[in-house]
Every structure is written in C-alpha cells, then in structure tokens.
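Residue-level structural notes
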Amino acid sequence: MKIQNLINGKFVNPISNDWIDNYCPANGEVYGHIPNSSKEDVETAYKSAQKAFKHWSQTTFEERSRILIKISELLEANLDQFAEAESKDNGKPISLAKSIDIPRAASNFRFFGNAITQFASESHESVGQDAINYTLRQPIGVVGCISPWNLPLYLFTWKIAPAIAAGNCVVAKPSEVTPMTAYLLGQICTEAGLPHGVLNIVHGLGSTTGQAIIEHPEIKAISFTGGTETGAHIAKMAAPLFKKLSLELGGKNPNIIFSDCDYDDMLETTVRSSFANQGQICLCGSRIFVEASIYKKFKTDFVSRVKQLKVGNPAMAITDLGALVSKQHLEKVLRYIDLAKTEKGKILCGGQKVLVKGLKNGYYLEPTVIEVATDECRVNQEEIFGPVVTIMPFNTENEVLEMANKVKYGLSATLWTNNLKRTMHLSNRLEAGIVWVNTWMLRDLRTPFGGTKASGVGREGGFEALRFFTEAKNVCIKY
Ligand code: NAD
C-alpha cells in the first residue's frame with residue numbers, strides 16, 4: 001500500500017515521485033511505501049498551512065474545542081483499526097497499542113480541546129503609574145512538528161493537538177519508520193471537520209523532509225521529539241533563523257530502589273518500567289540501582305520475573321514484548337550487549353535474538369538484564385533504547401544520588417521508598433524533569449513534561465504547551 005501526504009485536506013503523491021519502503025518489524029517484510037517528500041512538497045504544505053492560518057487563527061475557542069474533541073471521539077471509535085495499524089508498523093504488542101498508544105492519542109485531542117477553553121492571558125495593573133498591561137497570547141503562525149517512532153501516534157498528537165488548539169497551522173512529519181497511524185489520522189481530521197490546510201502531514205526521511213521543515217524560514221517554531229544528536233542539529237539550524245524550539249530528547253533514567261519500599265509493587269512496576277514497549281520508551285528506567293541490603297533478593301526475583309516475559313507475535317494477546325522497531329535498531333541494541341561483555345558486565349538473562357515461529361525474519365530480542373561492575377561503563381551511560389537494563393547495588397543515599405546524576409541525560413527518575421525525608425531530599429536533587437516516587441509513567445496531562453541536560457529544552461503538557469505554541473504580546477495602556 002502507498003501512504004500519501006496530506007496537503008490542503010487532500011492526499012497527494014510526492015512531487016518528485018520518490019518513495020521509501022515501509023517495513024513490518026514483526027516479519028521483516030516490506031508492506032508498503034511512503035513518500036520521501038522534498039523541499040517542494042514541504043513548501044506546498046507550508047503554503048497550504050499559511051493560507052488556512054488566516055481563518056483558523058480567528059476561529060473561536062469553542063469551535064476549535066468542538067473539532068478537537070470530535071477527532072478524539074473518532075479515534076476512540078476506530079480504536080481497533082488504529083491499534084492494529086500501530087502494532088503492524090512498530091512491532092509493539094497490539095494489546096499495548098490498544099490500552100496505551102491509541103487511547104492516549106485520543107486523550108491528547110480531548111485534553112487540549114478542553115484546555116484551550118480554559119487558557120487565559122494575564123493583566124497587570126501598574127499601580128502609581130496610571131497604566132494597565134494586558135498580555136495577548138497569539139498563535140505563532142505555521143509551526144513544524146516532528147516526532148519519533150517509539151510511540152508514533154501518541155507523540156505525534158501530543159504536539160499537533162496543542163498546536164492547532166492554540167490557533168496555529170501545522171506542517172507535521174511522523175517518523176519515516178512508523179508513518180501509518182499519522183496517515184490514518186489525516187482521514188479522521190477531515191471527517192471531524194478540521195478545515196483544509198490546518199494540519200498538513202508530509203512523510204519522508206529526516207535528512208530530506210525533516211531538514212526541509214527545520215530550515216524553512218517561515219516555519220516559526222519547531223516542536224521536536226527524538227534523539228539527542230538530531231536535537232542538537234535542529235538547534236543549530238534553528239538558532240540563526242530565531243525559531244522557537246521545544247526539544248524532547250533521549251534519556252538514561254535511574255530507577256532507585258530502597259529496602260523500605262513496597263517490594264511487590266516495586267518489582268511488578270520495575271518489570272514494566274524496564275521492558276514496556278520493548279524498552280523503547282524515553283521514560284524507561286534503564287539503570288536500576290538497588291540498596292545493598294536487598295540487592296541479592298531483588299536480583300533473584302527480578303531475573304526470575306523477566307525470564308517469564310513472553311517475546312512473540314505482536315498480534316497475540318499473550319505477548320509481553322513484540323519486535324524491535326527495525327533491523328538497524330536491533331543491531332544497535334545487540335552491539336551494546338556485546339559491549340557490556342567487554343566492560344565486565346554480567347548478562348544475568350536474555351541477550352539473544354528470538355526466533356518466533358512463522359516470523360523468523362522479525363526483529364525479536366530477549367529482555368536483557370546486565371549486572372554492571374561500575375556505573376561509569378558505556379552501557380550504563382549511553383542510551384540503548386531497547387529491552388536492556390543494568391543493575392547494580394548502592395550503599396548510601398548520597399552515593400546513589402551521585403551515580404544517578406552522573407550521566408549526560410536528565411529526563412526522568414524513579415524512586416522507591418517510604419521514607420519521607422529521603423523522598424524530599426532525593427527528588428529535590430535528582431537532575432531530571434520528571435521524578436516518579438513509588439510509581440512509573442503515571443501521567444497527568446496538565447503537568448510539565450520534558451527533560452534537563454541532554455534530554456532537551458522546554459516543557460510540553462498542559463498550559464506549558466499552549467504557551468509554547470503562542471507568542472506573548474504585552475499591551476500597556478496609560479490612562
Ligand atoms: P531521531 O532523532 O532519529 O528521529 C526523530 C524524528 O526526527 C524522525 O521523524 C526523523 O525523521 C526526524 N529527523 C531526523 N533527522 C532530522 C533532521 N536533520 N531534520 C529534521 N528532522 C529530522 O529519533 P528516533 O530514533 O526516531 O527516536 C528515538 C529517540 O527519541 C530516542 O533517543 C528517544 O529517547 C527519543 N525520545 C524522546 C522522548 C521525550 O519525550 N524526551 C520521547 C520519545 C522518544
């Protein structure tokens with residue numbers, strides 16, 4: 001099947017007629033083609049967005065809200081179709097797409113459909129100067145949204161929904177590795193009554209289509225989620241063009257476990273926070289630090305639980321881990337497992353490719369636990385982004401804090417303890433944009449989401465996102 005670009009409400013082929021193969025990770029076969037859109041395609045998308053902006057930016061909040069909520073309802077009504085498409089395109093278990101990815105994409109539209117009706121600007125009375133200031137929050141114009149492959153529709157919509165809710169028009173590019181649900185979303189948006197040109201979706205490689213979006217002089221803001229290197233490149237390109245930037249990048253998140261935690265809850269959640277989505281979630285706790293007094297017990301229990309996880313056909317309900325997203329990614333993860341061995345890491349379980357019956361060319365890998373000798377080894381410092389975690393013991397709060405912070409990333413951290421003072425001490429000092437205590441991935445869409453250090457710049461979520469997608473203009477009136 002051929003996926004097409006959505007430009008000005010119509011599905012169109014790329015001008016250059018240049019196409020890329022789309023693979024199904026479950027069986028390693030090409031099952032479709034997507035446009036490798038050129039600068040000219042991006043320009044056409046930009047012009048369509050620019051034309052739509054005049055009207056869309058003046059559409060009432062109520063009308064925008066109505067359309068966004070309608071998109072959300074249509075996503076829910078088509079849950080099965082979207083979940084199947086996401087699983088086929090990405091390799092994730094269909095059960096995960098059905099319970100997390102697609103419901104969350106629907107929530108993104110519902111949430112920002114509601115949020116825009118509550119978004120208010122401020123006024124400041126300049127007492128003693130006979131003046132009043134009020135601040136307008138105006139949409140920026142045409143904005144670019146670029147997303148990765150790990151949570152395809154979930155992260156694509158996390159950008160698009162606030163962008164259009166705030167009155168912008170969008171040129172969006174999903175990952176070329178997982179384009180399918182973004183394509184299907186285009187159909188739903190038209191059905192929901194989103195005016196033509198408000199959302200334009202161009203498919204293609206980062207180096208062609210993505211590059212054309214980030215260097216377009218009239219696309220005034222870029223909301224990007226992806227790898228840290230790509231983020232650095234985008235920042236360099238965008239700086240001389242004075243674009244507004246939101247960068248959500250990589251992570252290498254610590255999961256810190258103290259002996260006073262609720263052990264069973266911790267164990268169950270840690271299995272999830274390590275291997276959900278084949279460990280391909282930027283928030284996965286890939287470095288597990290365990291207090292020395294329970295280290296041995298944890299190691300035995302954790303490895304035994306991980307060995308029970310079922311790697312297999314993503315379409316089957318019993319599957320815990322599906323396929324990794326691509327052959328190249330599987331090879332990258334395997335290289336890290338080999339590297340671990342040269343760094344004195346001990347593979348406690350996993351580490352091998354899995355041959356799934358009837359799907360022998362799929363990209364399957366056993367969930368892997370590596371006991372590392374030091375926190376400074378590369379497998380403990382670099383983002384692997386697969387079903388691989390490291391474990392090691394610690395003795396004191398300060399020691400674990402230092403190890404947790406001693407990486408270039410700073411996205412999220414998880415802390416397991418029932419000690420209040422320790423909770424406060426560590427959550428204040430952990431270098432991360434998000435700290436979860438006695439839970440993981442509990443999301444409230446009103447809260448700021450994003451990372452520090454090499455994990456990014458800016459915050460998404462709630463009014464933060466609406467502030468990003470608007471320009472503040474202060475008006476000062478003297479009376
Ligand atoms: P990636 O950086 O390779 O690609 C992300 C997107 O950027 C894709 O759409 C790609 O086509 C595009 N792109 C690549 N080069 C570009 C360029 N020169 N100009 C414009 N666009 C370009 O990342 P990926 O491999 O798709 O995703 C995995 C990474 O994403 C991991 O590092 C992960 O941690 C990160 N991630 C971060 C978050 C977060 O919220 N912080 C969430 C999910 C994933």
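For the structure itself, look to the data block above.
Just so you know, these numbers come straight off a predicted model, no measurement behind them.

1. Here's the deal with the site of the ligand
Looking at the ligand, there are 32 residues lining it, with P148, G206, G210, G226 and T230 nearest. Counting only elements with at least two residues in the shell around the ligand, the list comes to helix 7 (206-214) and helix 8 (228-238). The element contributing the most residues to the shell around the ligand is helix 7, with five residues. Of the residues in the shell around the ligand, the class split is eleven nonpolar, 17 polar and four charged.

2. Remarks on unusual backbone geometry
Of note in the backbone geometry, N277 takes a positive phi value of approximately 60° without being a glycine. Structurally, N277 can be placed in the loop between helix 9 (263-275) and strand 13 (287-291). Non-glycine residue M441 carries a positive phi angle of around 65°. Considering the arrangement of structural elements, one finds M441 in the loop between strand 19 (434-437) and strand 20 (452-453). Exposure remark for M441: the 17 C-beta atoms within 10 Å place this residue in the partly exposed category.

3. A look at the pairing of strand 10 (residues 221-225)
Counting buried residues along strand 10, five of its five residues qualify, which places the element largely inside the surrounding structure. Burial along strand 10 is two-sided: the residues A221, S223 and T225 and I222 and F224 are all buried. Pairing of strand 7 (residues 142-146) with strand 10, which is carried by four bridges, proceeds in the parallel orientation. Bridging from a neighbouring strand, V143 pairs with A221 of strand 10. As paired elements, strand 10 and strand 11 (residues 244-248) share five bridges and run parallel to each other.

What counts and what doesn't
- Residues numbered from 1 in each chain as written.
- Predicted model: local features only at pLDDT ≥ 70, side-chain atom pairs only at ≥ 80, totals over all residues.
- Near = placed C-beta within 6 Å.
- Helix = DSSP H or I, 4+ residues; strand = E, 2+ residues; numbered from the N terminus.
- Nonpolar A, V, L, I, M, F, W, Y, C, P; charged D, E, K, R; others polar.
- Buried ≥ 20, exposed ≤ 12 C-beta atoms within 10 Å, placed from the backbone.
- Pairing = 2+ DSSP bridges.

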